[in-house]
Amino acid sequence: MRGLWFLATLGLAAAEDGLNGWLRYARLPCDITRKATVPSTIVALNTTETSPVYTAGQELQKGIRGILGRVLNVTHEASEGPSVVVGTVSAFQDAGISIETPELEEDGFWLSIKGDKVEIAGQNERGALYGAFEYLSMLGQANFTEVSYATNPSAAIRWVNQWDNMDGTIERGYAGLSIFFENQTILSNLTRVSEYARLLSSVRVNAIVINNVNANPIILSDKNMAGLGRVADAMRPWGVKIGISLNFASPQTFGGLNSFDPLDPNVVAWWTGITNKIYQHVPDLAGFLVKANSEGQPGPITYNRTLSDGANMFAKAVKPHGGIVMFRAFVYDYQHLDENNWKDDRANAAVDFFRDLDDKFDDNVVVQVKYGPIDFQVREPPSPLFAHLKQTASAIELQVTQEYLGQQCHLVYLPPLWRTILDFDLRVDGEKSVIGTDILSGKRFDKKGLTGYAAVVNVGRNATWLGTHLSMSNLYAYGRIAWDPMTDSVAMLEDWTRLTFGLDQTVRETITRMSMDSWIAYENYTGNLGIQTLTDITGPHYGPNPQSMDNNPWGQWTRADADSIGMDRTVKNGTGYAGQYPAEVAAAFEEIETTPDDLLLWFHHVPYTHVLKSGKTVIQHFYDAHYAGAETAWTFPQQWAKLQGLMDQQRYEEMQFRLTYQAGHAIVWRDSISQFYHNITGIPDAHDRVGKHPWRIEAESMNRQGYRVTAVTPFEVASGLQVVQTLGNSTTGSVSATLKYPAGVYDLAVAYYDLYEGEASYELLLNNKSLGKWVGDNEHKLGFTLTRGIDGHSATRITFKNVQIKEGDIVRVETKANGRETAPLDYIAVLPPGVVD
């Protein structure tokens, strides 16, 4: 404690690891706390320790002590005098406290702050806890305004999904191992589970599915059912219910039946029995999530049954317990789609499978629909399925984990992307049908009650939860948007920044500026004009690999050849996908002239020389956008550097490392995509940048000892289309070159490849004087899907800044291979001040 006090007196911030997220309750400066009027007592109108109202009392005590340095007692009986009273509306009445609130819907709350009297009344206990967090959020941002207002959720379903496997790994998770599972069972220590529930509750998420949609039936074992009870116990005080994903074939693979036909009475009885047993352990289980007949998962179609037959089997099993079934619309054929068939289109699948079933689902089935028709791409049009589910409850599936969007190694603030979907007006039957405010709220089709949101989050054991501090803004924003889809992207980002990093204006403005630029920058240097994220879709979904998009049955095609590019999804000539939208929207997407440029290649197949509304050709836009995106990413570490000393050093350094990595990897993306399309089209860049690197010295052209020149796959991920590798897996090597640049101060960047299962060592020398040493250990520092290849995933750079050089100096890199990592080198860049490379 004395050490922390000493740091505070110096104006320094103690190190933070991110575990508390935006719930740090950091002490406000004394000149601010003096302005706060806070009651002397907290009254929590429930004495049951597992109650969210009881939890709210404890949280208020903790928060006020942290933020204002004032210790308040918590009581459970109303009394005269200044107090913060928290409870349900009915508890207020029972305690004889008269309040007048507007009508509150489920989970809604009333917050009244008048001098030293604070009233927090929830429609239910969960709503009361939400109100307590709202009050603490105001205090944490030094907002001492007197207010009186009620707020209700836009939708009843505000869930998160975890794709955690029973062995403790997490599919598409980038922050370490599972906080729920290990060795095919549930962890004994659930401390992180309770802490996660606290974070979720603070942004009004009301349920979580804890296991992977590609479910392992062993979750249904007696031991694991008991474990589910412990998980529910850990999350219940925070008002967060749990649910589980089910494997459709469990009756056969786990239960020993000879079938999993949803109309087989034995199968129905088996699922009914299993469901009853689960509810004995978790009486308030939210329900089930089911992925069926998709990407190899079993389902009802195996027995020529409909998807609604499968969903309704589960719905009937959970209905007596008040549970619901979230049934994913992510159903498509990934084995037989043929790119040579001009009519084949994965994007058509969801509507084709579900539109004729709209009146066939039970009333406790919710169809969970990915925001776009393919798979969490950097830009997609909204799924037209939302317009077809007029009688069936629906929820949108967003993704907080950045599967196709940089895997938390690239800063990408997602709400601006989500806004393109939530603000889209589908014009169903010619009437206003905005996805966020009209459809997901249930208002458009009179479905109030079972509509809403689900987000794939995939937190792990990393102290930052998602692997990086800034990515937590996306989880925070998801909860805010699910409560109110009209929430402004900048406003909630600024709230998050104040709560996470403090009140400094420079910090807030810098993080806001970088974050709001980040999605467009990522789109620019990865894939634009609606062509999707040009990543390795058959591999990790991380680095560049545009050729992987085509010539396979996965259906994320670009149909790029030497002359033209894009998917023709028109009705008149193409796959017919545009016709799945209501008439007004379909007509707009049918024609090139009325299709926005940012979705042009999603809906139309055009020559590279097609002129966009901007006046540029498609290919020149590709070149320009990729260079612009990389240039924006290059500014991120420079902007962040100005925040040193304005936050704790630990979080500053951790983010500086990742933003520097992103700046380098953005150049890998820029060069790879530009080089690939330059190669297949033969069309030059009007600015003569592609393939021209005047500040680089290619490793294959340098003097080499112990190194050999090799090709790479895909070819475009190496600057000069070749790299050098050591002769063996444990041998040493070196490359050197004489510099021919004018005397001056430069940054020296070494481009290399950091592979999994090896940690090669490197040293950069100038005239035999060491400038620095490093090892290839990004697998311990970054969370992206690991790779064993020399490719766009493992490509990276390290930069040594402000190096004084003169013509004739000799630069050398000495290396030692280790394991699979044969110290592969691509180039050295000698960069004058302000040059992006």
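Residues numbered from 1 in each chain as written. Predicted model: local features only at pLDDT ≥ 70, side-chain atom pairs only at ≥ 80, totals over all residues. Heavy atoms only, no water.

### Section: the overall build of the chain
Tallying secondary structure elements over the chain gives 21 helices and 29 strands in all. Against the compact-globule benchmark of 28 Å for 837 residues, the chain has a radius of gyration of 28 Å, which places it among compact chains. Considered along the principal axes of its C-alpha atoms, the chain spans approximately 85 × 70 × 55 Å. Taken across its 837 residues, the chain has 63% of its residues classed as buried. For the chain, long-range pairs separated by at least 24 residues make up 73% of all intrachain contacts whose partners lie at least 6 apart in sequence. For the chain, the computed accessible surface area is about 30100 Å², with 50% contributed by carbon and sulfur atoms. Of the side chains in the chain, 70 bear a positive and 95 a negative charge, and the two mean positions are spaced by 4 Å. (Helix = DSSP H or I, 4+ residues; strand = E, 2+ residues; numbered from the N terminus. Rg over C-alpha atoms; globule rule 2.2 N^0.38 Å. Buried < 20%, exposed > 50% of the residue type's maximum accessible area, 1.4 Å probe, protein only. Contact = heavy atoms within 4.5 Å. Areas by Shrake-Rupley, 256 points an atom, 1.4 Å probe, with all protein chains shown as cover. Lys, Arg positive; Asp, Glu negative; His and termini not counted. Charge placed at Lys NZ, Arg CZ, Asp CG, Glu CD.)

### Re the environment of aspartate 495
Mapping aspartate 495 onto the fold places it in helix H16 (residues 489-501). Under the relative-accessibility criterion, aspartate 495 is labelled buried at 16%. As for aspartate 495 and serine 40, which are separated by 455 residues in sequence, their C-alpha atoms are 27 Å apart. In this structure, aspartate 495 is in contact with Gln141, Tyr476 and Arg480, ignoring residues within four places of it in sequence.

### Here we look at the pattern of salt bridges
Enumeration over the complete set of coordinates arrives at 52 salt bridges. Measuring nitrogen to oxygen at the nearest pair gives 3.5 Å for the salt bridge that ties glutamate 182 to arginine 461. Of this pair, glutamate 182 sits in strand S8 (residues 181-182) while arginine 461 is found in the loop between strand S16 (452-456) and helix H15 (472-483), placing the two residues 279 residues apart along the sequence. The partly exposed category is assigned to glutamate 182, whose relative accessible area is 33%. Using a relative accessible area of 31% as the deciding quantity, one classes arginine 461 as partly exposed. Between glutamate 590 and lysine 572 there is a salt bridge, with its nearest N and O atoms 3.6 Å apart. Taken together, the positions of glutamate 590 in helix H18 (residues 583-590) and lysine 572 in the loop between strand S17 (564-565) and H18 put the pair 18 residues apart, joining distant regions of the chain. Looking at glutamate 590, the relative accessible area reads 12%, which means it is buried. (Salt bridge = Lys/Arg side-chain N within 4 Å of Asp/Glu carboxyl O.)

### Examining the sheet that holds strand S14 (residues 365-370)
The parallel closed barrel is built from eight strands, whose spatial order is S7-S10-S11-S12-S13-S14-S15-S16. Strand-to-strand, the axes of this sheet are offset by a mean angle of 25°, without reference to chain direction. Pairing between strand S13 (residues 324-328) and S14: four bridges, direction parallel. Along S14, the bridge assignment pairs phenylalanine 327 with valine 367. (Pairing = 2+ DSSP bridges. Axes fitted to C-alpha atoms, helices over the stretch in contact; angles between N-to-C directions.)

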